[in-house]
Amino acid sequence: MIYSLLKPLLFKLDAERAHGLAMDSLQAMHCSGLSRQLAGDIPSMPVRIMGLDFPNPLGLAAGLDKHAQYIDALADLGFGFLEIGGVTPRPQPGNPKPRLFRIPEAEAIINRFGFNSVGVDAFVTNRRRARWPGIIGVNLGKNADTPNERAVEDYLASMERIYNVAHFATINVSSPNTKNLRALQSADELDPLLARMHQRREELAQQHGKRLALAIKISVDLNPTELQAVARVAQQRGMDAIIAANTTTTRDGVQGLPHSEESGGMSGAPVREKSTAMIASLSRILDGALPIIGVGGIMSAAHAREKLQAGASLVQLYSGMVFHGPQLIGNILRGLARQR
Ligand SMILES: Cc1cc2nc3c(=O)[nH]c(=O)nc-3n(C[C@H](O)[C@H](O)[C@H](O)COP(=O)(O)O)c2cc1C
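Residues numbered from 1 in each chain as written. Predicted model: local features only at pLDDT ≥ 70, side-chain atom pairs only at ≥ 80, totals over all residues. Heavy atoms only, no water.

Concerning the sheet that holds strand S11 (residues 265-268)
Here is the rule we go by: A pair of strands is considered paired only if DSSP assigns at least 2 bridges between the two. Starting at the N terminus, helices and strands are each numbered in turn, a helix being any DSSP run of H or I of at least four residues and a strand any DSSP run of E of at least two. Here, axes are lines fitted to C-alpha atoms. For helices the fit covers the stretch in contact, and angles between N-to-C directions go from 0 to 180 degrees.
With respect to topology, three strands assemble into an open sheet ordered S5-S6-S11, the strand pairing being antiparallel. Because the sheet does not close on itself, it has two edges, and the strands there are strand S5 (100-103) and S11. Averaged over all neighbouring strand pairs, the angle between strand axes comes to 20°, with direction disregarded. The pairing of strand S6 (residues 108-111) with S11 spans four bridges and is classified as antiparallel. Looking across to S11, one finds that Asn111 is bridged to Gly265.

Here it is, written out as structure tokens:
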């Protein structure tokens, strides 16, 4: 209700400004105790994967709360878990503005943020302020000026810093907005990267008496051979889950629409089927060896169910909130619970 009043105003503004305004409004609602009402009754639908107990299978996808500023307000909406970040070890501004575009006719978003980040130290300070006791994943990226040969140092540095303030970390090698990042998905580059992350995680687990789960997030644009190779390396190198998938650089489904020519990664409705097909293929390849977290184009309970039926254990969304508002979370969860 509130969002349907606010949406026409927000959609008149530049997309990044609108995002800031929407998040500040949510935060204000949280502070006055109102945001919990946006969720309604949230059904309990427990899922256990990665050694973690999730109260329900719907999470927030990475990129919406890049600096860990809105955890408690977002948690009020009913999410079963939140993935925050992407965060880079050192602060960096990201790409010049404008860098976020909506294509409402197709329920699509194009972004080329390029990991704008406050840096992992400020991120951890923000994250520590949150009170929500629920499951937090942190999405890890690399700084733009770190060459791929040294990318592992960035991922290691951030993992060490966030180790005690997260339940899982996502190794994000699939953002299209950092030059050559996606090349890290090739088996030759991925194998040593994941091996080092796994080894360090085992050492930290001994030190801290707590095991941080590790997920790898892949691009929706991988071809079947690449997908097969990534799945094999992820299994061999001790990953706890695969997140499928990140944004696309294709423009299928938006051609000719305003903003469709902007460069960057596209999310929302146009990636839904491709992401679901990728989850189904991954599920066949993995055959239960690793859980899958499904993301891409979820706008309704039916879409979430599609991904769960294709083999995902959990699902996440981002773009759906932009087009359907914060009530979407409760609506999807109640829809899922009704048709179990
Ligand atoms: C503005 C924006 C920023 C994003 N930033 C990140 C990020 O930092 N790390 C990441 O792994 N994915 C990022 N994503 C991708 C989302 O987490 C998700 O994989 C993708 O948007 C598909 O889901 P959706 O269709 O529900 O939005 C971002 C997406 C958007 C729209």
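Having seen it, we continue.
Observations concerning helix H5 (residues 120-129)
Because the α-helix completes a turn every 3.6 residues, residues three or four places apart line up on one side. Note the threshold: The buried label goes to any residue with under 20% of its type's maximum accessible area, the exposed label to any with over 50%, and the partly exposed label to all in between, with areas taken from a 1.4 Å probe on protein chains only. The arc under discussion is defined with respect to the helix axis, by the directions toward the C-beta atoms. Between two residues, a contact is recorded if the distance between any of their heavy atoms is within 4.5 Å.
Where H5 is concerned, the buried positions are Val120, Phe123, Val124, Asn126 and Arg127. With its buried residues spanning 160° around the axis, H5 presents them on a single face. Seen from the buried face of H5, the exposed residues on the opposite side, beyond 90 degrees, are Arg128 and Arg129. Close packing links the buried residues of H5 with helix H4 (71-75), strand S4 (81-87), strand S7 (135-140) and helix H6 (151-162).

Describing the sheet that holds S7
Here we have eight strands rolled up into a closed barrel, ordered S3-S4-S7-S8-S9-S10-S12-S13, and parallel in their pairing. The sheet shows a mean angle of 25° between the axes of neighbouring strands, taken without regard to direction.

Some thoughts on unusual backbone geometry
Geometrically, the link from Gly85 to Gly86 is a cis peptide bond, its omega value of 5° lying close to zero. Within the element layout of this structure, Gly86 appears in strand S4. The omega angle of the peptide bond from Lys97 to Pro98 is -5°, so this bond is cis rather than trans. By the element assignment, Pro98 lies in the loop between S4 and S5. Although it is not a glycine, Met50 adopts a positive phi angle of roughly 55°. As for its placement among the helices and strands, Met50 is situated in the loop between strand S1 (47-49) and strand S2 (52-54). One non-glycine residue, Glu107, adopts positive backbone phi at about 50°. Examined against the element boundaries, Glu107 turns out to sit in the loop between S5 and S6.

Quick look at the pairing of S7
The two faces of the sheet receive side chains in turn, since in a regular strand these alternate between them. Our working definition: Convention used here: a crossover is right-handed provided that the path from the first strand, over the helix, to the second strand proceeds clockwise when the strands point away from the viewer.
In terms of burial, S7 is largely enclosed, as six of its six residues are buried. Burial along S7 is two-sided: the face carrying Ile135, Gly137 and Asn139 and the face carrying Ile136, Val138 and Leu140 are both buried. Where S4 meets S7, six bridges bridge the pair, whose relative direction is parallel. Residue pairing for S7: Phe81 is matched across the bridge by Ile135. In terms of strand pairing, S7 meets strand S8 (residues 168-172) through four bridges, oriented parallel. Across the sheet, Val138 pairs through a bridge with Ala169, a residue of S8. Handedness of the S7-H6-S8 crossover: right-handed.

Describing the site of the ligand
Heads up, the condition is: The nearness test applies per residue and asks whether one of its heavy atoms lies within 4 Å of the molecule or strand. Distance and chemistry together define a polar contact, namely a pair of N or O atoms within 3.5 Å, with one atom able to donate a hydrogen and the other to accept it when in protein, and with adjacent residues in sequence counting only for side-chain atoms on both sides. All accessible areas in this document rest on Shrake-Rupley with a 1.4 Å probe, and a residue is counted as covered only by the protein chains that are shown. Under the scheme applied here, ten amino acids are nonpolar (Ala, Val, Leu, Ile, Met, Phe, Trp, Tyr, Cys and Pro), four are charged (Asp, Glu, Lys and Arg), and all others, including Gly, are polar.
The environment of the ligand is made up of 24 residues, and the closest members are Ala62, Asn139, Lys217, Gly297 and Ser319. Contact between the ligand and Asn172: an oxygen atom at 3.1 Å from a side-chain N or O atom of the residue. Bound to the protein, the ligand loses 98% of the 610 Å² it would expose on its own. Where the shell around the ligand is concerned, the elements lending two or more residues are S6, strand S10 (241-246) and S11. Class assignment of the residues belonging to the shell around the ligand gives a composition of 10 nonpolar, 12 polar and two charged.

Comments concerning the environment of Ala244
Position of Ala244 relative to the elements: it lies in strand S10. With relative accessibility at 0%, the residue Ala244 sits in the buried group. Dropping the residues within four chain positions of it, Ala244 is found in contact with Ile218, Ser275, Met278, Ile279, Leu282, Ile293, Gly294 and Val295.

Overview of the environment of Lys12
In this fold, Lys12 is placed in the loop between helix H1 (2-10) and helix H2 (15-31). For Lys12, a relative accessible area of 70% corresponds to the exposed category. Between the C-alpha atom of Lys12 and that of Glu202, which follows or precedes it by 190 residues, the distance is 49 Å.

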